[in-house]
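# An overview of the molecular structure
The lines below spell out each chain.
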Amino acid sequence: MVDNEVKSILLAGVGGQGILRASDIICEAIMEAGLDVKKSEVHGMAQRGGCVTSHVRYGRKVYSPLAEPGSIQTLISFEKMEALRYLKFLRKDAAIIVNTEEIYPPAVNMGDAPYPEDTISFLKKHYGKVISFNAAEFAQKAGNIKTANVVLLGAASNLMDIDQSIWQNVIKNSFPEKLVKINLDAFQMGIDA
Amino acid sequence: MKVLMSGNEAIARGAYEAGVRFAAAYPGTPSTEILEEFSKYDGVYAEWSPNEKVAVEVTIGAALAGEKALAVMKHVGVNVAADPIFTVSYTGINGALVIVSADDPSLHSSQNEQDNRNYARFAKIPMLEPADAQEAKEYIKLAFAISEKFDTPVFLRSTTRVAHSKAVVTLTEPEKYKDKTGFTYNAEKYVMVPVNARTQRVEVEKRQQALKEFVEIFPENKMEISNPDVGIITAGMPYNYAKEVFPNYSYLKLGMVYPLPEKLIRNFASKVKKIYVIEELDPFLEEQIKAMGIKVIGKEIFPYTLEFDPGIIKNAIERNTEGAVSPYKKSLSPRPPNLCPGCPHRGLFYALRKQKVYVHGDIGCYTLSYMKPLEGLHSCICMGASIGMAHGMSKAMKEKGKGKVVGVIGDSTFLHSGITSLLNVAYNNSDALIIILDNSTTAMTGMQEHPGTGYTLMGKEAKKVNLKVLISALGIENIKVIDPLDQKATRSAIKEELAKDGPSVIIAQRPCALFKRANIKPKPALKVDPDKCEGCKACLGLNCPPISWKKGVTKEGSKRKGISFIDETLCNGCGLCEQVCKFGAIS
């Protein structure tokens, strides 16, 4: 399998955070870089504030759009506690990018369940590389809170072997013209985060 | 040209490349995007029909005129459309007809996970099953070619993982559309009265024999012989999962799952020592292959339920019961989908809950209200069932059920398959109260048009059905229209109509909060006054996403243990919580 190592990225978060758009952008960039890519996601119920995940898999030739548990190299979590939900999919040496924003599930809102504490230190204890920051704050600095997903993409691009020029192009093609600059700024903030 | 496409986008593209210009469907996850995408191509006619049965009948009509026609539905939609499907198998189709069945292993967005490959065998209709987006695009073309060649409807089965995963797809030049429409009179073939149907019944078996020969040389039934120790027979997405974890085994990948290529399967069996049949849901291939007298391993080790992934296949074959585990051992609060901020259904179910009635539910966003704390409905079976079930329960319970049985149904669902049941409610004089949750769109699947919206799939203005007039014409005399965000009016309307003898219908009318065409401007976000809030949690009973409760914010002279908060970035200002608060703390 050395000649056909397939890499996997898991994007996870809450409905409405722009996760599917972000995974589309990653796939477009991988495709531009000349590799095969497949991604998997589930629509429908997930859009009503439920959990959303997307698997992205790339290499010379990809068969499955879903990764095997225990095999994923990179987790991009768009919400803090959601990072904990899918750890069985990760390799022990996985890199994790976490948005430290907290979105409470209903039981936490009602005061019936706790919101997990010490998520970041737990992740740091168990995994090779953990990069955490508040993506919403960067997005606001870039000029639009909705670009938090692109901030996270910028951080993820540091872990991928894809030319910056490809990322720039894909982002330019992914948004209406008036939103391109804001998204490019957000992307750069993620790179520098 | 290479592009990234979902299976659904690829099916639409493939149909267009095959020269198809006619399609009909009713939206349903995971099939919806196929018609939405198809409708964007130049020169096509695409419609949302009121339900799947109508969609199939519309495409049969187009096919009899000589068109290549495409009908699309989710797996349970095929149940609705089964009646015409079984008999169009007898008549044949003149032009071409392909029916896409989008199955949902794991019930990501469905009420069951039926395996629609059984329909192919049951209705004697050939079925293709692609494994990814590229194949989806190619197979829909093959499906039309087979339909034309054998004068038969053809099924294309996809699953959620094919429909909603994306892959790199190579586009090809679309075939030029040729108008072949015209009248073909052939009553013996197309009028299915017994004497003609008996003749066509024999034709179906002749076609089956011809197809059985065809599948032996069908190039998408592919044999890949490498390691002869283990052979895998599979089809669709599970092929990818298996290839991922066992790249060196031998494979027989079936592009057509019905009918099966018996000679090819025997040939494959003679080349490998041991065979696994890998398929999600029913042992559909396995049982047929076993009936050929070939020894295979299947459901003894692979699950009958839910979708597979590479890990499930690897662990089953290696008899590994452990699998990967998470180092995080504490329980995590679940994040179930919820009604959106400003959702009109929230107001209706909050008011209904106070009446202590038994509520039969239906298919739509509002089904989510069954969960705590709204607990708005107590049964849900399938599209349109609520009205019939409410009527049946009310009749069975006689006096005991009086004023206590309710059926709720969305506008799109009512027009899909609730009209005949409401006719029954009037005809057989039911005491049940029927509430139509009219949010002006098909919200759950993503705002599709229907006959009550005033627009078509192609974006044209259309005749808009008048629900009140329609319901009145069915024979219902007690009809009230309310705004479900007005709690007082909603509660009194429900009370009044429950108290009446005979059938009543309430139309709870307010557009979906996310519906762009309704052009609703969100009102300013509401705030909780921390001095007035007594921490009683009444507002939490609405289960509205922006409302949370924080422990420890006490107040002098009050027993309160905490207070409510409203997240201003999420609140759409609908005002329900303001009406629910007894202390005037929200404004």
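Residues numbered from 1 in each chain as written. Chains lettered and ligands numbered in written order. Predicted model: local features only at pLDDT ≥ 70, side-chain atom pairs only at ≥ 80, totals over all residues. Heavy atoms only, no water.

## Focus: the sheet that holds strand β6 (residues 127-128) of chain B
Hydrogen bonds between backbone atoms are what pair the strands of a sheet, whose relative direction is either parallel or antiparallel. Residues and elements named next belong to chain B. Applicable threshold: Only when DSSP finds a minimum of two bridges between them are two strands counted as paired. For the purposes of this entry, the term helix denotes a DSSP run of H or I that reaches at least four residues, the term strand denotes a run of E that reaches at least two, and both are numbered from the N terminus. Here, two residues are considered to be in contact whenever any of their heavy atoms come within 4.5 Å of each other. Angular values range over 0 to 180 degrees, each being the angle between N-to-C directions of two axes fitted as lines to C-alpha atoms, with helices fitted over their stretch in contact.
Within the open sheet, the seven strands sit side by side as β3-β2-β4-β5-β7-β6-β12. Their pairing is mixed. The open sheet has two edge strands, β3 (45-48) and β12 (256-258), and neither has a second partner. With four bridges connecting them, strand β2 (residues 22-25) and strand β4 (residues 68-74) associate as parallel partners. Within β4, the position partnered with Ala 25 by the bridge is Val 72. The strands touched by helix α4 (residues 75-91) are β4, β5 (96-103) and β7 (154-159); relative to β4, the strand with the most contacts, the crossing angle is about 140°.

## Things to note about the interface of chain B and chain A
For clarity, the cut-off: Whenever Lys or Arg places a side-chain nitrogen within 4 Å of a carboxyl oxygen from Asp or Glu, that contact is recorded as a salt bridge. Under this definition, polar contacts are N or O atom pairs within 3.5 Å; protein pairs additionally need one hydrogen-donor-capable and one acceptor-capable atom, and for neighbouring residues in sequence, both atoms have to be side-chain atoms. Only Asp, Glu, Lys and Arg are considered charged in this grouping, and only Ala, Val, Leu, Ile, Met, Phe, Trp, Tyr, Cys and Pro are considered nonpolar; every other residue, Gly among them, is considered polar.
In this complex, chain B contributes 52 residues to the contact, which on the side of chain A involves 51 residues. With a closest N to O distance of 2.9 Å, Lys 166 of chain B and Asp 24 of chain A form a salt bridge. Between chain B and chain A we count twelve residue pairs in polar contact (both at pLDDT 80 or more) in total. Put simply, the parts of the chain that give the side of chain B that touches chain A at least two residues each are β1 (2-6), β8 (165-170), α10 (237-245), α13 (310-317) and β19 (547-551) of chain B. Per-element accounting of the side of chain B that touches chain A gives the leading share, seven residues, to α10 of chain B. Among the residues making up the side of chain B that touches chain A, the classes are represented as 29 nonpolar, twelve polar and eleven charged. Direction of pairing for strand β2 (residues 36-41) of chain A relative to β8 of chain B: antiparallel, over a ladder of three bridges. In the strand pairing of β8 of chain B, Lys 38 of chain A is matched with Ala 167 of chain B.

## What to know about a positive patch on the surface
What counts here: Think of a patch as exposed residues, more than 30% relative accessible area, with no salt bridge, where like charges cluster within 9 Å and nonpolar side chains (Val, Leu, Ile, Met, Phe, Trp, Tyr) cluster within 5 Å. Using a 1.4 Å probe, the Shrake-Rupley method yields the accessible areas, and only the shown protein chains count as cover for residues. Under the convention used here, Asp and Glu are negative, Lys and Arg are positive, and both His and the chain ends fall outside the count. Charged side chains are reduced to one point each, which is NZ for Lys, CZ for Arg, CG for Asp and CD for Glu.
Taken together, Lys 354, Lys 356, Arg 491, Lys 495 and Lys 582 of chain B make up a surface patch of like positive charges. Structurally, Lys 356 of chain B is set in the loop between α14 (344-353) and β14 (358-360).

## Here's the deal with the packing of α4 of chain B against helix α9 (residues 194-217) of chain B
Between two packed helices, both the angle of their axes relative to each other and the distance between the axes serve to describe the pair. Residues and elements named next belong to chain B. The cut-off we apply is this: Comment on the angle field: the value is read as roughly parallel under 35 degrees, roughly antiparallel over 145, roughly perpendicular from 65 to 115, and oblique elsewhere.
As a packed pair, α4 and α9 sit with axes 7 Å apart at the nearest point and diverge in direction by 80°. Put simply, α4 runs roughly perpendicular to α9. Here Ser 89, Tyr 90 and Thr 91 of α4 come into contact with α9, specifically with Ala 197, Gln 200, Arg 201, Val 204 and Arg 207. When its residues are assigned to classes, the contact of α4 with α9 shows three nonpolar, three polar and two charged.

## Points about the domain arrangement of chain B
Short version of the rule: Source of the domain bounds: an automatic or database domain assignment.
Entries for chain B in the domain assignment read domain 1 (2-217), domain 2 (222-317), domain 3 (344-518) and domain 4 (522-587). Computed from C-alpha coordinates alone, the two centres of domain 2 of chain B and domain 4 of chain B are separated by 57 Å.

## Considering the pairing of β4 of chain B
Residues and elements named next belong to chain B. What counts here: Each residue is assigned to one of three classes by its accessible area relative to the maximum for its type, calculated with a 1.4 Å probe on protein chains only: buried under 20%, partly exposed between the two thresholds, exposed over 50%. Classification remark: right-handed applies to a crossover when, strands pointing away from the viewer, the course from the first strand over the helix to the second runs clockwise.
Burial of β4 is extensive: seven of the seven residues sit out of reach of the surface. Neither face of β4 is left uncovered, since the one carrying Lys 68, Leu 70, Val 72 and Lys 74 and the one carrying Ala 69, Ala 71 and Met 73 both have all their residues buried. With seven bridges connecting them, β4 and β5 associate as parallel partners. Paired with Leu 70 across the strands is Val 98, a residue of β5. Assessed by its sense of winding, the connection that carries the chain from β4 through α4 to β5 is right-handed.

## A few points about the environment of Lys 521 of chain B
Along the chain, Lys 521 of chain B falls in the loop between β18 (504-509) and β19. A C-alpha to C-alpha distance of 24 Å links Lys 521 of chain B and Cys 581 of chain B, two positions 60 residues apart in sequence.

## Considering the pattern of salt bridges
Once their charged atoms are close, side chains differing in charge can pair, the charge on each being opposite to the other. All names here are of chain B. Scanning all chains against the criterion turns up 47 salt bridges over all chains. The salt bridge partner of Asp 483 is Arg 510, with a shortest N-O separation of 2.8 Å. Taken together, the residues Asp 483 in the loop between β17 (478-482) and α19 (487-499) and Arg 510 in the loop between β18 and β19 connect sequence positions 27 residues apart. Asp 483 sits in the partly exposed class, given a relative accessible area of 26%. Counted as one network, the salt bridges with shared partners bring together Asp 103, Asp 115, Arg 117, Glu 129, Arg 157 and Glu 279.

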